[in-house]
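Structural overview for review
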Amino acid sequence: MPEKTSALFEPFQLNNGVTAPGRLAVAPITLYCQNPDGSVSEAERQFLRGRAKGFGIYVLGATLVADNGQGFPGQPRAIRRSDLPALRERAELVKKEGALAIAQIHHAGILGRAEFLPGHRIVGPSDNEEKGAEALSGSEVEELVEAFARAARLCLEAGYDGVEIHGANQYLIQQFYSAKTNRRTDEWGGSREKRMRFPLAVTDAVLKVREEAGRPDFVVGYRLSPEEPDENGLTMEDTMALVEQLASRPLQYIHVSQKDFFRKARRGADPALSRLEIIRGVIRGRTALMGVGNLMTAEDFARALATGWVDFTATARALMLNPELAELIRSDRGSEIATRLTPEIEASCRTPSVLFPRLPR
């Protein structure tokens, strides 16, 4: 193993005593290829087989917590006990390769799609005419907090090593925290502290599931997007306030979702500093930090980890192009890593073709 990348394969102990076998992570990938009822399709099996080999953490993407929150075709589900067989199969496909299997639990909110919500309306923190969404009532908000908790229980029973709360990418949890999408005047909106109430209520409910199950080894992470470009959107000041609250809880990691790992702050913090460096300073060693953003090559991952900003470097696109990505890095075959989609890669990468438009060419 080359010295420049050896740190990527060093074990890392999370703050609950669980050890990830390496510091390379798979960021959640929405595959769009599951069966319509969210069960495992053969295309999904083909994608997952062997892909986790060599990774420390593998986050399986966008697992639906409630029927009124679907945003993708065939979205995996953790809603009722009938979802357990599919959840177990996904967890087993990842865990057999040695990586920690983490299910990302998700609700699309105003980004829900009507064609996937028969008998349900699109919902969010506030009415949104553009998206055709209606504001949740106070009791419905509380029901969704419990839906995230129920999803965590199902994932725990299915054998996952943990869950990642999807508070990023402008889905429901981020919608509650952002003043752009949350215009409520009750206890779930208004001031920053009230807008933060739903993200923290979900987090606390999931942590309570772990406590009640007597499973301190069950990993709980939280994914966030650090800034929004809109005038009323989230700023780094908002994110620092949320991170402070998250880091004060017994979370195992915070996962920062952005297009560029090295992106500097835009608003609400020193623009000379990277967002990850700022967040690292707020965390102060209380939990691990995971970063993602256009990391494609062995050199990219090594450089990102060497900054000292993060404990885990993550990727999605590089793994879509390279089913044996971690092994290519480990065995010093970085020159074989594909960074663009070619006809040859398309034929061999075992990636659902619906994802090809998301890959660099």
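Summary of the structure given here.

What counts as what
- Residues numbered from 1 in each chain as written.
- Predicted model: local features only at pLDDT ≥ 70, side-chain atom pairs only at ≥ 80, totals over all residues.
- Heavy atoms only, no water.
- Axes fitted to C-alpha atoms, helices over the stretch in contact; angles between N-to-C directions.
- Helix = DSSP H or I, 4+ residues; strand = E, 2+ residues; numbered from the N terminus.
- Parallel < 35°, antiparallel > 145°, perpendicular 65-115°, else oblique.
- Left-handed = near helix turned anticlockwise from the far one by under 90°.
- Contact = heavy atoms within 4.5 Å.
- Nonpolar A, V, L, I, M, F, W, Y, C, P; charged D, E, K, R; others polar.
- 1 Å grid on protein atoms, 1.4 Å probe; cavity = no way out; pocket = protein on both sides within 12 Å on 5 of 7 lines; lining within 4 Å.
- Points joined across faces, edges and corners; volume = space filled by probe spheres on them.
- Pairing = 2+ DSSP bridges.

1. Overview of the packing of helix H7 (residues 197–213) against helix H8 (residues 236–247)
- The interhelical angle for the contact between H7 and H8, taken along N-to-C directions, is 20°, at an axis separation of 11 Å. When the interaxial angle is binned, H7 and H8 end up roughly parallel. Of the two possible hands of crossing, H7 and H8 adopt the one that is right-handed. Between H7 and H8, the contacting residues are Pro 199, Leu 200 and Thr 203 on the first element and Leu 242, Gln 245 and Leu 246 on the second.
- Per-class residue counts for the contact of H7 with H8 are 4 nonpolar, 2 polar and no charged.

2. Brief notes about the layout of surface pockets
- Put simply, the largest pocket is a space of about 1100 Å³.
- In this structure, the largest pocket is lined by 41 residues; those nearest its centre are Asn 169, Arg 223, Ser 257, Gln 258 and Lys 259.
- Counting residues per element, the ones that place at least two in the lining of the largest pocket are strand S4 (57–64), strand S5 (100–106), strand S12 (312–315) and helix H11 (317–321).
- Here the element with the most residues in the lining of the largest pocket is H11; it accounts for 3 residues.
- Here the lining of the largest pocket is built from residues that sort into 17 nonpolar, 14 polar and 10 charged.
- Lining the second largest pocket are 15 residues, with Ala 66, Asn 68, His 120, Glu 143 and Leu 144 sitting closest to its centre.
- No other element matches helix H4 (residues 138–158), which puts 5 residues into the lining of the second largest pocket.

3. A short note on the sheet that holds strand S10 (residues 253–256)
- Read around the closed barrel, the 8 strands follow the order S3-S4-S5-S8-S9-S10-S11-S12; overall the barrel is parallel. Here the average twist between neighbouring strands, direction ignored, is 25°.
- Pairing analysis gives 6 bridges linking strand S8 (residues 162–167) to strand S9 (residues 219–224), with the strands arranged parallel. Within the sheet, the bridge partner assigned to Val 163 lies in S9 and is Val 220.
- With respect to the sheet, helix H10 (residues 298–306) is in contact with strand S3 (24–26) and S12, its orientation differing from that of S12 by roughly 145°.

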